[in-house]
Structure formats: C-alpha cells, structure tokens
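Topology and contacts: notes
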Amino acid sequence: PLQTKIKPFFDSIEFSDVQSIQPFPPFPPWERRNLIVNTDLTKYENKQSNPLAIKTSALLLIESFPDSIHIYTDASKHTDGKVGIGLFATSHQPISPQNASISLRLSDNNTIFTSELTAIRYALQTIHHFETDTNDTGSQKFVIFSDSLSSLKALSSQHSPSRPVLLNETLELYYKLNSEISFVW
C-alpha cells in the first residue's frame, strides 16, 4: 500500500518548519443552518453617541426577544494575567421565571478573544444540556448576548486565524443543537 511506501520518507524528515493551516469547519456548507448575528448596536461604537440613545436602543433590542431564554456572556482579564468567564441565563416566561449563573476561571494569560469565545461555547453547552435534560427538540428559543464583536464576527464568518480549533468546536456544537439561537452584540 501507499502508506508503506511513503512512511520511510515521512520518518526521515523533520516537521519543525511545518505551518498549520485553517482547518475545515466541522460541517459541510449544505448541512449548516444560518447563524443569526445581530450587530445593530454597532452604529453606537462612536464614543460621542448619546448614552440615553444607546441605553434605549439596547433595551429595545433585548425586549425584541420576549419568548427566548436570554444568556449573557462575558470574560475578563486581570492585569496579572488571570482570566475568567461568566454566564447569566434568564427566562422571562411569566409562568416560571428562572435565573442561572456560571463563573469559571480559565488558564492564565488567555486572550480576551479566546475567553469571550469560550464563554459563548459554554453558553451553547448550557443550551445543549437544556435540550438533553428536557428532551426538547428545538421548540425553545435562545439568544446569546456577547460584548465581543470579534468573537461574533469570527462565528459569522466561520474563520479565526488565532483560534481556529476553538472556533470550529464552537461551531460544531452550534450545528448540533436543535433550538433556534440568535447572537446579539
């Protein structure tokens, strides 16, 4: 077989100069569903914007998802390199409002991008647990709010030069879920 013929060649060369390339996304394009990313609030990126207008627009955007479970994600990095993430999930259902929160410490010196993308991945894992625990087949809607525009852009474009494996793991989890999920910046 071919493997037997080329194995001596690969054993004889050193791989120290090999560069990795962007791995392919875990699902082929025809099996992917649309990833909904709302970045309407980016029009207020200018520091000169009216704070009251920003707050009003943000509240209106949040209220535009009344039937969804809201999951808020965030990451922080201390000056000494310590990194952590947090999630807060809330259901505004009038019958049974519920809240849950998670905070986790990550490895030191992770970048903010890595930490924010990890927080989004944990939010998707939370949705996965919800689907598994309740035998939900996708009837529940979720919205993930993130303050990381770079992470949401990476998800939307399905490309990350700095953390392709983490991005692909996150996308793979997203595509396995049945629920309707929106992302908001």
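So, how was this worked out
- Residues numbered from 1 in each chain as written.
- Predicted model: local features only at pLDDT ≥ 70, side-chain atom pairs only at ≥ 80, totals over all residues.
- Heavy atoms only, no water.
- Buried < 20%, exposed > 50% of the residue type's maximum accessible area, 1.4 Å probe, protein only.
- Helix = DSSP H or I, 4+ residues; strand = E, 2+ residues; numbered from the N terminus.
- Contact = heavy atoms within 4.5 Å.
- Expected span 1.5 Å × (residues − 1).
- Core = buried A, V, L, I, M, F, W, Y, C linked by side-chain atoms within 4.5 Å.
- Phe/Tyr/Trp six-rings, centres within 6.5 Å; stacked < 30°, edge-to-face > 60°.
- Pairing = 2+ DSSP bridges.

Listed in full, the buried residues belonging to helix α4 (residues 149-157) are Leu 149, Ser 151, Leu 152, Ala 154 and Leu 155. On the buried face of α4, the contacting elements are β1 (36-38), α3 (112-134), β5 (141-146), α5 (164-176) and β6 (180-184). Count one or two residues on from α4 and you reach Gln 158, which has phi positive near 55°.

Quick look at α3 now. For the α-helix, the turn length of 3.6 residues means that residues three or four positions removed from each other point alike. For α3, spanning 23 residues, the distance from its first C-alpha to its last is 33 Å, which sits close to the expected 33 Å at 1.5 Å a residue. Along α3, the positions that sit buried rather than exposed are Phe 113, Thr 114, Ser 115, Glu 116, Leu 117, Thr 118, Ala 119, Ile 120, Ala 123, Leu 124, Ile 127 and Glu 131. Residue Asn 135 follows α3 closely and has a positive phi angle near 55°.

So, on to the nonpolar core. Within the largest apolar cluster, 30 residues are counted, with the highest numbers of intra-cluster contacts made by Ile 71, Leu 124, Ile 127, Ile 144, Leu 155, Ile 181 and Phe 183. Elements with a minimum of two residues in this core: β2 (68-77), β3 (83-91), α3, β5, α4, α5 and β6. Element by element, the count of residues in this core is highest for α3, at 7 residues. What Phe 183 contacts, discounting residues up to four positions off in sequence, is Leu 35, Ile 36, Val 37, Asn 38, Ile 120, Leu 124, Ile 144, Leu 152, Leu 155 and Tyr 174.

Turning our eyes to something else, we now look at the packing of aromatic side chains. Overall, the coordinates contain 5 aromatic pairs when judged by the stated rule. Centroid distance Tyr 174 to Tyr 175: 5.3 Å. Interplanar angle 65°. Geometry classified as edge-to-face. Residue Tyr 174 shares its accessibility class with Tyr 175, and that shared class is buried. Ring geometry for Tyr 174 and Phe 183: centres 5.8 Å apart, planes at 50°, overall tilted. Look at Tyr 174 and you get buried, because its relative accessible area is 1%.

Before going further, it helps to spend a moment on the pairing of β5. Taking burial as the measure, the 6 residues of β5 include 5 buried ones, the bulk of the element. In this structure, β2 lies alongside β5, joined through 6 bridges in parallel fashion. Looking across to β5, one finds that Ile 71 is bridged to Ile 144. Inspection of the sheet shows β5 paired to β6 by 5 bridges, in the parallel sense.

Turning our eyes to something else, we now look at the environment of Thr 111. Position of Thr 111 among the secondary structure elements: in the loop between β4 (98-106) and α3. Residues Thr 111 and Gly 81, 30 residues apart in the sequence, show an inter-C-alpha distance of 9.1 Å.

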